[in-house]
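A closer look at the structure
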Amino acid sequence: MLLKNRLFTPGPTPLLPSAQTAMAAFSLHHRTADFRALYTRVLSDMKDFIGTKNDVLVLSSSGTGVMEGSVSNLTSPGDKVLVLTAGKFGERWTGLTKAFGCVPEVISRPYGETFVLDEIKQKLTPDVKVVYVQATESSTGARHDVQGIAKLVRAQGDDTLLVVDAITGLGTTHFDVDGWGIDVIIGGSQKALMIPPGLAYCAVSERAWQRMEAAKSPRYYFDFRKERKAAAKGESAYTPATSLFAALGAALDFVRQMGNGDLAAGRKALVDNAELAAEMTRAGAKALGLKLFAGASPSAALTAIDAPAGLDSGVIVKAFRDSFSAVVANGQGDMKGKLFRIAHIGYYDYLDTVGILAALEHVLTAATGKPVAYGSAVKAAQEVYARSLAQPVGAR
Ligand SMILES: *Cc1c(COP(=O)(O)O)cnc(C)c1O
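Values in this document were obtained by computation on a predicted structure and should not be read as measured data.

As far as domains go, the protein holds domain 1 (6-12 + 261-395) and domain 2 (17-258). The gap between the C-alpha centroids of domain 1 and domain 2 is 27 Å. With both chains or domains summed, domain 1 and domain 2 bury close to 2900 Å², and 66% of this area falls on carbon and sulfur atoms. Summed over the three residues of domain 1 that lose the most area to domain 2, namely L263, R267 and L270, the buried surface amounts to 22% of that side. The interface formed by domain 1 and domain 2 contains 1 salt bridge. In this structure, E275 engages R143 in a salt bridge whose closest nitrogen and oxygen atoms are separated by 3.0 Å. Summed over the shared surface of domain 1 and domain 2, the number is 10 residue pairs in polar contact (both at pLDDT 80 or more). Looking at the side of domain 1 that touches domain 2, its residues break down into 19 nonpolar, 8 polar and 7 charged.

For the coordinates displayed, the defined rule picks out 23 salt bridges. Note that R256 and D45 form a salt bridge whose closest N and O atoms lie 2.8 Å from each other. Of this pair, R256 sits in helix α10 (residues 242-258) while D45 sits in helix α2 (residues 33-50), and the two are 211 residues apart along the sequence. A residue is classified by how much of its surface remains accessible, and R256, at 22% relative accessible area, is partly exposed. Across the pair E213 and R225 runs a salt bridge, and its minimum N-O distance is 3.0 Å. Highlighted residues: E213 in helix α8 (residues 206-214) and R225 in helix α9 (residues 224-232), separated in sequence by 12 residues. Given a relative accessible area of 57%, E213 falls into the exposed group. Judged by relative accessible area, which is 32%, R225 ranks as partly exposed. The structure contains a network of salt bridges with shared partners spanning R41, D45, D253 and R256.

In spatial order, the strands read β11-β14-β13; together these 3 strands make up an open sheet with antiparallel pairing. Of all the strands in the sheet, just β11 (302-306) and β13 (329-330) have a single pairing partner and so form its edges. Note that β11 and strand β14 (residues 339-343) share 5 bridges and pair antiparallel. Across the sheet, the residue bridging to A304 is R341, located in β14. Running over the sheet, helix α12 (residues 313-324) touches β13 and β14 and is turned about 40° from β14.

Quick look at the pairing of strand β5 (residues 130-134) now. Most of β5 sits inside the fold, with 5 of its 5 residues counted as buried. Neither face of β5 is left uncovered, since the one carrying V130, Y132 and Q134 and the one carrying V131 and V133 both have all their residues buried. By the bridge criterion, 5 bridges tie β5 to strand β8 (residues 161-165) in an arrangement that is parallel. Residue pairing for β8: V133 is matched across the bridge by V164.

In this section: the sheet that holds strand β2 (residues 55-60). Spatial strand order, β2-β10-β9-β8-β5-β3-β4: 7 strands in an open sheet with mixed pairing. Looking at the sheet topology across the chains shown, the edges are occupied by β2 and β4 (103-108). With direction set aside, neighbouring strand axes in the sheet form an average angle of 20°. Inspection of the sheet shows strand β3 (residues 80-85) paired to β5 by 3 bridges, in the parallel sense. Each residue of the ladder has a partner; that of V81, found in β5, is V130. Across the sheet, α8 is in contact with β2, β5, β8, β9 (184-188) and β10 (199-204); its angle to β10 comes to roughly 100°.

This part covers the environment of F324. Counting through the fold element by element, F324 comes out in helix α12. A relative accessible area of 31% means that F324 is categorised as partly exposed. Every residue in contact with F324, bar those within four places of it in the chain, is listed here: L3, K4, A319, A359, H362 and V363.

Okay, the pairing of β2 next. Among the 6 residues in β2, 5 count as buried, and that is most of the element. In this structure, β2 lies alongside β10, joined through 6 bridges in antiparallel fashion. Counterpart to V58 in the pairing with β10 is Y201.

Neighbouring the ligand are 14 residues; S62, T64, S138, D165 and K191 lie closest to it. In this structure, an oxygen atom belonging to the ligand sits 2.4 Å away from a side-chain N or O atom of T64. Between the ligand and the protein, one listed contact pairs an oxygen atom with a side-chain N or O atom of K191 at 2.8 Å. Coverage of the ligand by the protein amounts to 87% of the 390 Å² it exposes when considered alone.

A ring pair, where both rings are aromatic, is described by two values, the distance of the centres and the angle of the planes. In this structure the tally under the stated criterion is 13 aromatic pairs. Relative to F245, the ring of F35 lies with its centre 6.0 Å away and its plane at 75°, an arrangement referred to as edge-to-face. Placement of the pair is F35 in helix α2 and F245 in helix α10, with a sequence separation of 210 residues. Classification of F35 by relative accessible area gives buried; the value is 1%. Take F245: its relative accessible area is 0%, and that puts it in the buried class.

Cut-off values and rules
- Residues numbered from 1 in each chain as written.
- Predicted model: local features only at pLDDT ≥ 70, side-chain atom pairs only at ≥ 80, totals over all residues.
- Heavy atoms only, no water.
- Domains from an automatic or database assignment.
- Buried area = accessible area lost by both parts, 1.4 Å probe.
- Salt bridge = Lys/Arg side-chain N within 4 Å of Asp/Glu carboxyl O.
- Polar contact = N/O pair within 3.5 Å; in protein donor to acceptor, adjacent residues only side chain to side chain.
- Nonpolar A, V, L, I, M, F, W, Y, C, P; charged D, E, K, R; others polar.
- Helix = DSSP H or I, 4+ residues; strand = E, 2+ residues; numbered from the N terminus.
- Buried < 20%, exposed > 50% of the residue type's maximum accessible area, 1.4 Å probe, protein only.
- Pairing = 2+ DSSP bridges.
- Contact = heavy atoms within 4.5 Å.
- Axes fitted to C-alpha atoms, helices over the stretch in contact; angles between N-to-C directions.
- Near = heavy atom within 4 Å.
- Areas by Shrake-Rupley, 256 points an atom, 1.4 Å probe, with all protein chains shown as cover.
- Phe/Tyr/Trp six-rings, centres within 6.5 Å; stacked < 30°, edge-to-face > 60°.

Pasting the structure below:
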C-alpha cells in the first residue's frame, strides 16, 4: 500500500498545514513595524494559549534553552533547589541546576511513576529557593500533579518559586497558572503548537521577576529581563526565528477557530482532544493485553506502552515505520527496547488514533507471531469515543 509519513512522536509533532504555508510565504525583517505588530499579537495570544496574565517570552531555541534560562535567571551559585524527577526530562533539571552551581535536593521516583505529595512536603524546607518539575514526563508518559505540588510550594510563601516544564503539558493538560501560583511555566513550539522546533516560551510571575534582580548565576542570551524589555517594544533582543513567528501566528489563529473565536476556549478544546485520544489509545492497548508503562497516572500528551515480554520494543517501532510509515518513539535511555510511545499532542485527531491502533494490531501480530483478534483495539477505542459523545471529556 501507499505509505504516508505520519508522526506519532512526543515532539516534533504533526505540522499544521496553514502554519506551514504561513512560514513558507514569510519574509519580513524583524526590525520593522509589520514584524513588531506580528510579534506583539503573538505574545498577547500566547497569554491566552497558556492561560495566564503574566508576561510571556518567546525565545528562539529548543525547549531546553528556556529550561536553562529558568535556572540561570532565578538562582545564584550555592542555592538549594528541589528537583522532582521521574524520567529523562526530570534528570535534565538535575543536570541543569548542577551546571549553574545550585545544590539540588532530588526527589526521584522510578520511571513510570509519579510523586508522593507527602514526600515533597517533607523536603520543602524554607531554604529551598526553587522547585523544578515536569507537568508530563514525556519519557515515561506519566502525568504529575502540578496543582497538588503548587499548593505545597505556595504554602511556603513567596521565597520558594515553582518552575514547571510543561513542554508537552501545555495544550494537553489543564492548568490554572495564575490561580495555582506557577512562577514559570515552559513550552516549546514543536509540541502542541503544531509548528516545527525552534521556539521555546514561558510565562513568568511577578515573584520570579523580582527574584531575577537578586539572582547571580551567569546569563547572556537567555537573559529574561532583557527579553522582557525588548518585548515591550514589540521586539526580541536578538534575531528571532522570524518565519516560526509567522507559523505561530497561524497556529494560534487555528486554536482560536477551534474555540469559535475564543482562544481560551480553543485551548480547552485542544486539551480535551488530547485527553480523548489518550483515553482511546489506553483502552485499545489494554484490549490487546498490553500494559501501560505509566498506568497509575497516565498523561494525555502521550501513551507509553510496554513491549510484550521477551520482545524488544525496537521491533515494534521498526514495524510501524516499515509497514505503515508511522513514526512512534522508542524508550529513552534505560527504557530503550522496553516500551514504545504514541503521542496525542497538537494536530492529532480521531482518525490518527483509530489508524494507529488498527496498525498496532498488525504490528503486534507480525512481531509476536501470535495473531491478535483484529478489531479488538479499534473496538475498545470506538466505545470510548461513543461514550464521549454522550458525555464529553470536558464535561466530566
Ligand atoms: C520535548 C521536551 C523538552 C524539550 O526538549 P528540546 O529538545 O530542548 O526541545 C523538555 N521537556 C519535555 C518534558 C519535553 O517533552
